[in-house]
Amino acid sequence: MQTELIKINNNAFSEKELKKAVKILRNNEIIIFPTETVYGIGANAFNKKAVQKIFKAKNRPVDNPLIIHISNTKQLKKIVLKLPIKAKILMKEFWPGPLTIILKKSKNIPLNVTAGLDSVAVRMPSNKIALKLIEMCQFPIAAPSANISGKPSSTKGAHAFDDFNGKVKLIIDSGECEHGIESTVISLIGKPLLLRPGAITKEDIEKIIGKIIVPKNNNNKKPISPGLKYKHYSPEAKVFLCLNQKNFELEIQKNFEKHVGIISFSKKIGVKNEYFFNKNISDYAKNVFSCFREFDKKKVELIIMEGVKKKGLGLALMNRIEKASTKII
Ligand code: TXA
Ligand code: MG
């Protein structure tokens, strides 16, 4: 399959530029498109066969459900059974934006979208291209992150091209994603549960609806969110996550002979290795996946990273880094 990469400016584009993408989606094929978090690989959420193509292209386990992306809350009627008051409040506050809400599923949604669960994940992205695309299709788009399963998410069109060249017909490239880290996933089926920390912080959500529970990372057979049990975000290189500056500097010294990639946060360290410095946490979150991919291209043996405090956006960032880590010191 020939993959076409079209560049579209998120701040200045016309509907005409999206027509090809809409046509492909209407033909129950898949495409890659930008969102404000990471790139998504999407299909008509109501079409089982189209959705199946996403799992195949990503090599995604069939028991890991997808997020449905909408452009208008009217679309919820065909997706969820009921809308609890807390869901309405959060939607009003954070949509369009990087918050995914899990609710009871309606029968219209094919079972492969939700991996057989009776719940469904839904979000309204704020990225203008994504919103317009869904609106023009006139159906919601089911889309996981556009990366081969287990690999870092794509935060640039070029990352998606590296993973899916020859596997999808079209990639819409609008450059770098605004957040660079995926949406926050919260379940509102019973008591509010934070299933994945993300671009909208736990603190921000709690300000609106009160306490939310963070389930313990359980490794049993039936996790609350299937995605939690899989290996994620991993670069080819080993990743050492250092929880304090002393360990960070020590690890750099110990691995002096190796070809090392370093991602630092608190201060610039003058070393001859591949090196990436982040000014603040949002910068770190925005760059982390891109950094992993760049270091892999440079064939570094080892990535040594500095951790951050697990609060605010730091909670989501540490969740991603911990999952990518081979060693935490
Ligand atoms: O920012 C994002 O959320 C991006 C963009 C493309 O929207 N998408 C994304 O999708 O990160 P994905 O598939 O990589 O992650 C979705 C997560 C997975 O951990 C999945 O297990 C969980 O949401 N999930 C989806 N449906 C669920 C459900 N019904 N119950 C529990 N967890 C669910
Ligand atoms: Mg993903």
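All of these numbers come straight from a predicted model, not from anything done at the bench. (Residues numbered from 1 in each chain as written. Chains lettered and ligands numbered in written order. Predicted model: local features only at pLDDT ≥ 70, side-chain atom pairs only at ≥ 80, totals over all residues. Heavy atoms only, no water.)

Enquirer: What exactly am I supposed to notice about unusual backbone geometry here?
Expert: Leave glycine aside and you will find that most residues have negative phi; peptide bonds, for their part, are mostly trans. Residue W95 is joined to P96 through a cis peptide bond whose omega torsion reads -5°. By the element assignment, P96 lies in the loop between α3 (85-94) and β5 (99-104). If you check the backbone angles, N59 has positive phi at about 60° while not being a glycine. Note that N59 resides in the loop between α2 (48-58) and β4 (67-69). Of note in this structure, Q138 is not a glycine but carries a positive phi near 65°. Note that Q138 resides in the loop between α4 (128-137) and β7 (141-142). Given the relative accessible area of 67%, Q138 is considered exposed. (Helix = DSSP H or I, 4+ residues; strand = E, 2+ residues; numbered from the N terminus. Buried < 20%, exposed > 50% of the residue type's maximum accessible area, 1.4 Å probe, protein only.)

Enquirer: Got a minute to help me understand the side chain of D296 in this structure?
Expert: In this structure, D296 sits in helix α8 (residues 281-297). K151 provides the closest opposite charge to the buried, salt-bridge-free D296, at an N-O distance of 5.4 Å. (Lys, Arg positive; Asp, Glu negative; His and termini not counted. Salt bridge = Lys/Arg side-chain N within 4 Å of Asp/Glu carboxyl O.)

Enquirer: When you look at the environment of I328 in this model, what are you seeing that I'm missing?
Expert: With respect to the helices and strands, I328 occurs in strand β15 (residues 327-328). Under the relative-accessibility criterion, I328 is labelled partly exposed at 44%.

Enquirer: What is the right way to read the site of ligand 1 from this model?
Expert: Residues in close proximity to ligand 1 total 26 residues, the closest being T37, N64, H69, S183 and S225. A distance of 2.6 Å separates an oxygen atom of ligand 1 from a polar atom in the side chain of H69. Between ligand 1 and the protein, one listed contact pairs an oxygen atom with a side-chain N or O atom of S183 at 2.5 Å. Isolated, ligand 1 exposes 680 Å² of accessible area, and the fraction of that covered by the protein chains is 96%. Among the secondary structure elements, those contributing two or more residues to the shell around ligand 1 are β4, β6 (119-123) and β10 (193-196). Partitioned by chemical class, the residues of the shell around ligand 1 number 13 nonpolar, nine polar and four charged. (Near = heavy atom within 4 Å. Polar contact = N/O pair within 3.5 Å; in protein donor to acceptor, adjacent residues only side chain to side chain. Areas by Shrake-Rupley, 256 points an atom, 1.4 Å probe, with all protein chains shown as cover. Nonpolar A, V, L, I, M, F, W, Y, C, P; charged D, E, K, R; others polar.)

Enquirer: Help me understand the sheet that holds β4 in this model?
Expert: Strands belonging to one sheet form pairs held by backbone hydrogen bonds; the direction of such a pair is parallel or antiparallel. Taken in spatial order, the 10 strands make up an open sheet running β1-β8-β2-β3-β7-β4-β6-β5-β9-β10, and their pairing is mixed. The sheet is open, and its two borders are formed by β1 (4-7) and β10, each paired with just one other strand. Sheet analysis places strand β9 (residues 184-187) next to β10, joined by three bridges and oriented antiparallel. Across the sheet, the residue bridging to V185 is R196, located in β10. The strands that helix α1 (residues 19-26) touches are β1, β2 (31-33), β3 (40-44), β7 and β8 (170-173); relative to β8, the one it contacts most, it runs at about 140°. (Pairing = 2+ DSSP bridges. Contact = heavy atoms within 4.5 Å. Axes fitted to C-alpha atoms, helices over the stretch in contact; angles between N-to-C directions.)

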